[in-house]
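Listed below are the residues making up each chain.
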Amino acid sequence: MLLNSYYWKDELRGLIDEIDRYANLSIDENRDAPDVSYSAFRLERALLYSAFTIRLLYESEKLTSSMKGYTLAVEEIENTIENPERILPLFRRYPDSEYYDFSNSKKRTISGRYLANQLIHSFVILSFKTDSTGAAIGFYVTSDHDANKRLHYCSLGEWLKFINAVIEDEVTSVNSYYDERKEKWIVTKS
């Protein structure tokens, strides 16, 4: 648990800079660009570390109650194979059209905390969608729990907006009461 969230949020500010920096370099392995794999590694690391940091802030109760309801716009890509659990997981670590129906993605909103957990527990190797220059514009992810059902696509802009909301979120008051009917403490933070 965290006593002070200031330094963790400051760390998130640095991760925003890192995501911006490495997303704008070419990470497309098919392009002739210097340090492509290093740029992809730095971007991947910044995304994973930001997800861990965000979950730590959630679990340490350092975010307001309204942040529990924070949602992100994503695309959901359904699994296309029957009995995916019968396919060796090693073969399904890279999200491709053999396993997921990219032509029929559906727009959804999911909670920020849920997407952070998808990154933390990612089943697939973190994969990026790139633009015509090879710069990353989004990422594909699914957790070990959801890999047999769906894959999520989130734009980097949407993820950065979420990180900024976490950074700007400030708990200024805490109200609590014991709910006799539920037999537990109800705590709201604003």
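Here's a quick rundown of the structure.

Thresholds, definitions, all that
- Residues numbered from 1 in each chain as written.
- Predicted model: local features only at pLDDT ≥ 70, side-chain atom pairs only at ≥ 80, totals over all residues.
- Heavy atoms only, no water.
- Pairing = 2+ DSSP bridges.
- Helix = DSSP H or I, 4+ residues; strand = E, 2+ residues; numbered from the N terminus.
- Buried < 20%, exposed > 50% of the residue type's maximum accessible area, 1.4 Å probe, protein only.
- Contact = heavy atoms within 4.5 Å.
- Patch = residues over 30% accessible without salt bridge, like charges linked within 9 Å, V, L, I, M, F, W, Y side chains within 5 Å.
- Areas by Shrake-Rupley, 256 points an atom, 1.4 Å probe, with all protein chains shown as cover.
- Salt bridge = Lys/Arg side-chain N within 4 Å of Asp/Glu carboxyl O.

1. Side note on the pairing of strand S3 (residues 127–130)
As paired elements, S3 and strand S4 (residues 136–141) share four bridges and run antiparallel to each other. Directly across from Phe128, in S4, lies its bridge partner Phe139. Once S3 ends, the chain turns through five residues before running back antiparallel as S4, passing Gly134 with a positive phi of about 95°.

2. Some thoughts on the side chain of Glu76
Its location among the elements puts Glu76 in strand S1 (residues 71–78). Assessed through its relative accessible area of 11%, Glu76 is described here as buried. Leaving out residues up to four positions away in the same chain, Glu76 has contacts with Asn104, Ser105, Lys106, Arg108, Arg150, Leu151 and His152.

3. Observations regarding a nonpolar patch on the surface
A surface patch of nonpolar side chains, amounting to about 410 Å² of accessible area, comprises Val174, Tyr178, Trp185 and Val187. If you list the elements that add at least two residues to the nonpolar patch, you get strand S6 (174–179) and strand S7 (184–189). Here Val187 lies in strand S7. What makes Val187 partly exposed here is its relative accessible area of 39%.

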